[in-house]
2 protein chains.
Amino acid sequence: MTDRKEFRELVPPQQAHEAIASLDLGGGSEAVSLREARGRVLAERVDADLDVPGFDRASMDGYAVRARDTFGADEADPVVLDLAGSVHAGEEPDVTVEAGSCVEISTGAVMPPGADAVVMVERTDERENGSAVEIRTSLAPGDHVMLAGADVAGGERALGPGTRLTPREIGLLSALGVDAVPVRSKPHVGIVSTGDELVRPGEALHSERGQIYDVNSYTIATAVEEAGGEAELYPHAGDDYEEMERVLTEAAEECDLVLSSGSTSASAVDVIYRVIEDRGELLLHGVAIKPGKPMLVGEFPDSAYVGLPGYPVSALMIFRHFVAGAIRRAAGVPEPRTATVEAEMALEERYGEGRTRLMPVGLIENGEGTTLAYPVDKGSGATTSLVEADGVVEVDPDTAYLDAGERVSVDLFSPDVRPPGVFGVGEDDPFLSGVLDELDHPRYLSIGGRQGLRRLDRGAPDFAVTSGPVERELDATEFGGWSREWGLVVPSDNPEGIEELADLADRELRFVNRPTDSGLRGTLDDAVETLAGERGESRADLTERIDGYELTVRAQESPARKVAADGADAGLGLRATAEKLGLGFVSLGEERVTVLANPDRMEKPGVERLREVLETAEIEGLPGFGG
Amino acid sequence: MTDRKEFRELVPPQQAHEAIASLDLGGGSEAVSLREARGRVLAERVDADLDVPGFDRASMDGYAVRARDTFGADEADPVVLDLAGSVHAGEEPDVTVEAGSCVEISTGAVMPPGADAVVMVERTDERENGSAVEIRTSLAPGDHVMLAGADVAGGERALGPGTRLTPREIGLLSALGVDAVPVRSKPHVGIVSTGDELVRPGEALHSERGQIYDVNSYTIATAVEEAGGEAELYPHAGDDYEEMERVLTEAAEECDLVLSSGSTSASAVDVIYRVIEDRGELLLHGVAIKPGKPMLVGEFPDSAYVGLPGYPVSALMIFRHFVAGAIRRAAGVPEPRTATVEAEMALEERYGEGRTRLMPVGLIENGEGTTLAYPVDKGSGATTSLVEADGVVEVDPDTAYLDAGERVSVDLFSPDVRPPGVFGVGEDDPFLSGVLDELDHPRYLSIGGRQGLRRLDRGAPDFAVTSGPVERELDATEFGGWSREWGLVVPSDNPEGIEELADLADRELRFVNRPTDSGLRGTLDDAVETLAGERGESRADLTERIDGYELTVRAQESPARKVAADGADAGLGLRATAEKLGLGFVSLGEERVTVLANPDRMEKPGVERLREVLETAEIEGLPGFGG
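Residues numbered from 1 in each chain as written. Chains lettered and ligands numbered in written order. Predicted model: local features only at pLDDT ≥ 70, side-chain atom pairs only at ≥ 80, totals over all residues. Heavy atoms only, no water.

- Chain A carries the name Molybdopterin biosynthesis protein in an unreviewed UniProt entry, which gives Halalkalicoccus tibetensis as its organism.
- Word for word, the UniProt comment on chain A under Pathway (unreviewed entry) is "Cofactor biosynthesis; molybdopterin biosynthesis." (UniProt positions renumbered as here; feature names shortened; annotations may be inferred.)

In structure tokens:
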């Protein structure tokens, strides 16, 4: 265990880069067919092995002639040559052009012996009986003839090693008749997610046993393929030594690189650590970078190894920052130009870690078209922050503070990542969901209307959607809105016979509420306040008597789903939701949903499109909704 | 035939865009597995169908407790709780946390009933006998617990229609357990190259019959796939009506879009034209754009149809300009940001066509990092110009003149096209080929040393390679060079016993020469001049007597290959080439090969790298070469 203590001294990020660069990630070559060569990288130089064309070739439809026979001919004074035969593309000429004769020829055909030029058909007239041709122009030798090898000559250097094969290079290889294209092999990367609780998407999930779907395997496999590797998923390994050893060594035998992820629990890290030490060599354990602390780098006898953190955003950041480039280099694939963008910080951000930080950021364009970056998810481990984060900013350990407006360089999570066309935050609402479907590449975070207003105020989003009472003064432009009927979602047929809000306080009923960030919760709070006033008691006294008033669940449908699943007696919600889920509903009123836009972003095409959709969208199929 | 005349009136390009936009290119949806979903586009909204996590989940290793049991605890005054059991990730808890007790828990495990917080293991000490735990901190309810649905809540909008699936979206879909991902179908595009002379790469080529390898099928298929379509190659169709009808209708029945290419000969166009008219509808025939004149747009009963020109660069330009966007729209794939670059014209260029022109251009960076565009291949039809052309500039019919330095927008042939790192022109030389292999993404056009100097002088290339006599004064920096032994390449064992240059003039020998663009030809011309002077005759008189002095073939190895293949008696060439091809050699001297750099580009990394490689590269395995 003394070794371990040494490793626990976190190494500088540069050392981790060097350790990974020192790994052997394969890098051989293989032959693929032209139809599979797109995007691949030539492993060696390809020289032309033949002339293209392989023969003197007519480049026009017309007549093959001896140029000297046409000297002096023009429109006024044509020459007449005997028509000796014809040759079409794909045929071997069976006729020779003698002095005073010509041969009909089509584009692409082999020049017949004796001929050294082609006259375009437009400058000729064939005599009625087809025995002779009148030629109304003079030709020089070589006119409308492409000589053998004029395009590519045998022995010429055609394409160099390292060339990425796009359609045009595929075209040149086709011309050379090369069908077995020598390309760099793709590094073969094995992915091992660790955790007894993981289940593959598509399989049944047992939440009661704490199962969750595996996120990292698919995220990292996709990122490996984007970087030019070939990914293979291995079975999940739990933190049992024998199982971990079996899965890791199997992957190591079959792959150039093994990536594990997860094992955030101390016990699992210990197991991986021991397997690497026993079956290979651990090069480093823990990097002085946030969130790279649990990162491992090692080697098996025939494979490299990197251990990634377990949280999806952290895993993707560490992959992007340390591993993707190494795979790309082994594959010979250049970093796409779109993989990095320059941005300005949308908000200030403070640090005090004293170590390098990888900061996940979301991107949004402001009204002037400048790309802004704002920090996302400070380590919550939520998979949803994956979809908010567009890339990663490396923040130097000496940086204590990034000011709003400061320029940062963002390494995107994928060269295909596009900043959203429009970015909204706030209330979760079924009509809004349909509106968002009509927008081009929107991003919407349903963090609740109240929380949404706070974020709009801080400046990053383009718009916020709120409902119910709005207490704060905001510099925002109202874009319109709609009303929705709210109340208590109850089991179907309302078995408890709930009739009004007071029932929750006066009877033994289990209620499920929404968090205070939600606008709908504000609407409920107001209704409770009113009821308390009517009864001459305080709101606190009243809510104290509602079993579950503090039991809050996150999203719009969550209380209703609790009612459906758990047998709670009532949940805060909408009539539309109750009807969608086949539940009962006790109406308590209507509330207004409002869309508020950031006034600096009114000219953005995405915001203009939002306004347009809001103005024209019709409310259909949503009971209790109105314009 | 009256119809046809109407169609022969070329339609404006805008009308062709509209005709293609009106075509139905499919656009359905299908379900793919997560592992195949990379880069695909969601066909419909995906709402969360479950809570993530599906249970209240410990987010630390430690002990699950009732928070109120820890009130007031700190380092100085810990509380001690009975240890009632343990729960690990992936297990269903079999123990309840009662007042005064705790349960050991690992990250990711289900919170046991009764517990509402987790204390980190670092803030605890387990008593020796394992029956109790000392806790040295106070907790609030919810500490280190992720509530069910806190990440994603059932019913929430997760991803919208039209979302491109990058690793992070794949991650969110994984979290939701979605394995059958509803994505937009790829338009199925059938590719039909026309021409009896075409042969598939990999098959035997019969040049004597005028066969050439098919270039467009592979180029266009690759470009279709880059645009988000799925390409299928159909057999080549000749210009026989029945064959063309059979192939086109088979493709039309199986595909959403059929693309033909070729049929540049008038007869083949007529055949295609008739097939489309008989089996479908021809929407337009000929577009007022250069080189789009032979373009066809039509519809079969169940498929769209576009006919592309036959020359590879023209076919790719018309595809890029008119068709790629339509495929991308049908596939729901956005145009990559890298698909277009802004550049400055490297040279002036004049027009006088009066119709829109698609100008193929090559790109190169100047010394300041500005991207320059220069026109490539004014319609030669060469496949090699494919590799010189990076993209296409649309030039307005009213533009008679583009000045050097004028800004143009270049639609790249592929989003993966990168401008070359360094661009050279000039002599074809085997040592140079090896030097180029050491450079990053070089472009080199072996157009001959003399032609190379002219192009260097005009300004686009970074460097030129010349050999033999240099007549012109150039503003260029010499970068070093090497010498090569030249002479006459003869059949092996020199059956004619050729000994010197004079033999070519004095004996009945068939000679093969290089073009006057080549530096080596200049060296030969000088030697002939000297010989003529010694004999007191004119150079012209002497060369007149050399059979084949005007028979020139393009590249460095071409005369030697003629000697090997055709039984010519002698060819101009290098000792290294003769030995490589197993031929005989009559030495006539040595000539110097010189690399000359554009003085404005000396600071370019690619040029610096070239200088470095030239300084360190060793000449090995090249007989007759010297430093």
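**Quick notes on the overall build of chain A**
No. 1: A count of helical and extended segments in chain A gives 16 helices and 36 strands.
No. 2: If you line up chain A on its principal axes, its C-alpha atoms span 120 × 70 × 50 Å.
No. 3: At a minimum sequence separation of 6, the contacts of chain A that also span at least 24 residues come to 72%.
No. 4: Carbon and sulfur atoms make up 43% of the accessible area of chain A, which totals about 24,600 Å². (Helix = DSSP H or I, 4+ residues; strand = E, 2+ residues; numbered from the N terminus. Contact = heavy atoms within 4.5 Å. Areas by Shrake-Rupley, 256 points an atom, 1.4 Å probe, with all protein chains shown as cover.)

**Structural notes on the interface of chain A and chain B**
It is common to give the size of an interface as the accessible area lost on bringing the parts into contact.
No. 1: With 108 residues of chain A at the contact, the number on the chain B side is 109 residues.
No. 2: Both faces considered, chain A and chain B share a buried interface measuring about 8,700 Å² in area, 54% of it formed by carbon and sulfur atoms.
No. 3: Contact with chain B buries surface across chain A, with Arg35, Arg168 and Arg337 of chain A losing the most and accounting together for 10% of the total.
No. 4: Here chain A and chain B share 16 salt bridges between them.
No. 5: The salt bridge partner of Glu156 of chain A is Arg554 of chain B, with a shortest N-O separation of 2.3 Å.
No. 6: At the boundary of chain A and chain B, one finds 35 residue pairs in polar contact (both at pLDDT 80 or more).
No. 7: Considered class by class, the residues forming the side of chain A that touches chain B number 46 nonpolar, 30 polar and 32 charged. (Buried area = accessible area lost by both parts, 1.4 Å probe. Salt bridge = Lys/Arg side-chain N within 4 Å of Asp/Glu carboxyl O. Polar contact = N/O pair within 3.5 Å; in protein donor to acceptor, adjacent residues only side chain to side chain. Nonpolar A, V, L, I, M, F, W, Y, C, P; charged D, E, K, R; others polar.)

**What about the nonpolar core?**
No. 1: Core analysis: the biggest nonpolar cluster contains 82 residues, and Leu259, Phe319 and Val323 of chain A together with Leu176 and Val181 of chain B have the highest contact counts within it.
No. 2: With 12 residues, helix α7 (residues 312–331) of chain A is the largest single contributor of residues to this core.
No. 3: When residues no more than four places from it in sequence are discounted, the contact partners of Val323 of chain A are Ile20, Leu257, Leu259, Val306, Leu308 and Ile318 of chain A.
No. 4: The next biggest cluster of nonpolar side chains, apart from the first, holds 78 residues, and it includes Ile170 of chain A together with Ala227, Val287 and Tyr374 of chain B. (Core = buried A, V, L, I, M, F, W, Y, C linked by side-chain atoms within 4.5 Å. Buried < 20%, exposed > 50% of the residue type's maximum accessible area, 1.4 Å probe, protein only.)

**Considering the relation of the copies chain A and chain B**
No. 1: Of the transformation superimposing chain A on chain B, the axial component is 0.0 Å and the angular component is 180°, with the fit at an RMSD of 0.1 Å. Interpreted geometrically, this transformation is the action of a two-fold axis. If distances are taken from each C-alpha of chain A to the rotation axis, the shortest is found for Thr338 of chain A, at 3.5 Å.
No. 2: When the interface residues of chain A are mapped onto chain B, 100% of them are again interface residues, pointing to one common binding face. (Least-squares fit on C-alpha atoms with pLDDT ≥ 70 in both.)

**A look at the domain arrangement of chain A**
No. 1: Split into domains, chain A comes out as domain 1 (2–26 + 187–331), domain 2 (29–48 + 160–184), domain 3 (57–146), domain 4 (338–419) and domain 5 (424–626).
No. 2: Averaged C-alpha coordinates put domain 1 of chain A and domain 2 of chain A at centres separated by 33 Å. (Domains from an automatic or database assignment.)

**Brief notes about the pattern of salt bridges**
No. 1: According to the stated counting rule, one finds 80 salt bridges over all chains in the structure shown.
No. 2: For Glu134 of chain A, the salt bridge identified is with Arg127 of chain A, shortest N-O distance 3.5 Å.
No. 3: The partner of Arg164 of chain B in a salt bridge is Asp416 of chain A, with the nearest N and O atoms 3.8 Å apart. Linking Arg164 of chain B in the loop between β11 (157–159) and α3 (167–175) with Asp416 of chain A in the loop between β28 (407–412) and β29 (422–426), this pair reaches from one chain into another.
No. 4: Judged by relative accessible area, which is 21%, Arg164 of chain B ranks as partly exposed.
No. 5: Within this structure, Arg45, Asp47 and Arg157 of chain A together with Asp437 of chain B form a network of salt bridges that share partners.

**So, the sheet that holds strand β4 (residues 62–65) of chain B**
Residue and element names in this part refer to chain B.
No. 1: One open sheet accounts for 6 strands, arranged β7-β4-β6-β5-β9-β8; its pairing is mixed. The sheet terminates laterally at β7 (117–120) and β8 (124–126), the two strands that pair on one side only. Pairs of neighbouring strands in the sheet enclose a mean axial angle of 40°, with direction left out of account.
No. 2: Across 4 bridges, the pairing between strand β5 (residues 79–87) and strand β6 (residues 101–105) is parallel. Within β6, the residue paired with Val87 across the bridge is Ile105. (Pairing = 2+ DSSP bridges. Axes fitted to C-alpha atoms, helices over the stretch in contact; angles between N-to-C directions.)

**Details of the pairing of strand β5 (residues 79–87) of chain A**
No. 1: Here β5 of chain A runs beside strand β9 (residues 132–135) of chain A; their pairing, made up of 4 bridges, is antiparallel. Along β9 of chain A, the bridge assignment pairs Leu81 of chain A with Val133 of chain A.

**A word on the packing of helix α2 (residues 13–21) of chain A against α7 of chain A**
All names here are of chain A.
No. 1: Contact geometry of α2 with α7 gives a least axis separation of 10 Å together with a crossing angle of 30°. Here α7 runs roughly parallel to α2, going by the angle between their axes. Regarding α2 and α7, the two cross each other, and that crossing is right-handed. Facing α2, whose interface residues are Pro13, Ala16, His17, Ile20 and Ala21, α7 presents His321, Phe322, Val323, Ala326 and Arg329. (Parallel < 35°, antiparallel > 145°, perpendicular 65-115°, else oblique. Left-handed = near helix turned anticlockwise from the far one by under 90°.)

**Details of the packing of aromatic side chains**
In this description, a pair of aromatic rings is defined by centroid distance and the angle of the planes.
Residues and elements named next belong to chain A.
No. 1: Taken as a whole and assessed by the stated rule, the structure comprises 10 aromatic pairs over all chains.
No. 2: For the pair Tyr374 and Phe423, a centre-to-centre distance of 5.1 Å together with 10° between the ring planes defines the contact as stacked. Here the residue Tyr374 occupies a position in strand β25 (residues 371–375), and Phe423 occupies one in strand β29, the gap between them amounting to 49 residues.
No. 3: Overall, Tyr374 belongs to the buried group, its relative accessible area being 1%. (Phe/Tyr/Trp six-rings, centres within 6.5 Å; stacked < 30°, edge-to-face > 60°.)

**So, the sheet that holds strand β8 (residues 124–126) of chain A**
Pairing between sheet strands relies on hydrogen bonds along the backbone, with the strands arranged either parallel or antiparallel.
Residue and element names in this part refer to chain A.
No. 1: As summarised here, the arrangement of the 6 strands in space is β7-β4-β6-β5-β9-β8, forming an open sheet in which the pairing is mixed. The open sheet terminates on both sides in strands that have one partner only, identified here as β7 (117–120) and β8. Strand-to-strand twist across the sheet, computed as the mean angle between neighbouring axes with direction ignored, equals 40°.

**What about the pairing of strand β20 (residues 296–300) of chain A?**
Residues and elements named next belong to chain A.
No. 1: For β20, a buried count of 4 out of 5 residues is recorded, marking the element as mostly surrounded by other parts of the structure.
No. 2: Two elements, strand β18 (residues 281–285) and β20, share 4 bridges in a ladder whose sense is antiparallel. Counterpart to His285 in the pairing with β20 is Leu296.
No. 3: Remark: 2 residues form the turn of the hairpin made by β20 and strand β21 (residues 303–308), two consecutive strands paired antiparallel.

**Concerning unusual backbone geometry**
All names here are of chain A.
No. 1: Each neighbour pair has its own omega, and for Val52 with Pro53 the value is -10°, a cis peptide bond.
No. 2: With respect to the helices, strands and loops of the structure, Pro53 is situated in the loop between β2 (46–47) and β3 (57–58).
No. 3: With an omega of 10°, the peptide bond running from Lys290 to Pro291 counts as cis.
No. 4: Looking at the element boundaries, Pro291 is found in the loop between β19 (289–290) and β20.
No. 5: Residue His144 is not a glycine yet carries a positive backbone phi of 60°.
No. 6: Position of His144 relative to the elements: it lies in the loop between β9 and β10 (145–146).
No. 7: Among the residues examined, His144 registers a relative accessible area of 27% and is labelled partly exposed.

**Some thoughts on the side chain of Arg136 of chain A**
All names here are of chain A.
No. 1: Assignment of secondary structure puts Arg136 in the loop between β9 and β10.
No. 2: Residue classification places Arg136 among the buried positions, given a relative accessible area of 14%.
No. 3: A distance of 2.9 Å separates the side chain of Arg136 from the backbone oxygen of Glu122, its partner in a polar contact.
No. 4: Excluding its chain neighbours within four sequence positions, the residues that come into contact with Arg136 are Ala73, Asp74, Glu75, Pro78, Glu122, Arg123, Thr124 and Asp125.

**Brief notes about a negative patch on the surface**
No. 1: Together, Glu91, Glu92 and Asp94 of chain A together with Asp196, Glu208, Asp239, Asp240 and Glu242 of chain B make up a region of like negative charge exposed at the surface.
No. 2: Secondary-structure assignment places Asp94 of chain A in the loop between β5 and β6 (101–105). (Patch = residues over 30% accessible without salt bridge, like charges linked within 9 Å, V, L, I, M, F, W, Y side chains within 5 Å. Lys, Arg positive; Asp, Glu negative; His and termini not counted. Charge placed at Lys NZ, Arg CZ, Asp CG, Glu CD.)

**Considerations on the packing of helix α4 (residues 216–226) of chain B against helix α7 (residues 312–331) of chain B**
Residue and element names in this part refer to chain B.
No. 1: Look at α4 against α7: their axes get within 10 Å of each other, and the N-to-C directions meet at 25°. Looking at the two axes, α4 sits roughly parallel to α7. Helix-helix and strand crossings are classified by hand; for α4 and α7 the assignment is right-handed. Across from Asn216, Thr219, Ile220, Ala223 and Val224 in α4, the residues of α7 making contact are Pro312, Ala315, Leu316, Phe319 and Ile327.
No. 2: Of the residues contributing to the contact of α4 with α7, the split by class is 8 nonpolar, 2 polar and no charged.

**Some thoughts on helix α16 (residues 605–616) of chain B**
All names here are of chain B.
No. 1: If you check α16, its first and last C-alpha atoms are 17 Å apart, about what 12 residues at 1.5 Å a residue would give, namely 16 Å.
No. 2: Within α16, the full set of buried residues consists of Gly606, Val607, Leu610, Val613 and Leu614. All buried residues of α16 lie within an arc of 120° about the axis, which places them on one face of the element. The exposed residues of α16 that point more than 90 degrees off its buried face are Pro605, Glu615 and Thr616.
No. 3: On its buried face, α16 sits against β29 (422–426), α9 (430–437), β31 (463–467), β32 (477–490) and β35 (584–597). (Expected span 1.5 Å × (residues − 1). Arc of directions from axis to C-beta.)

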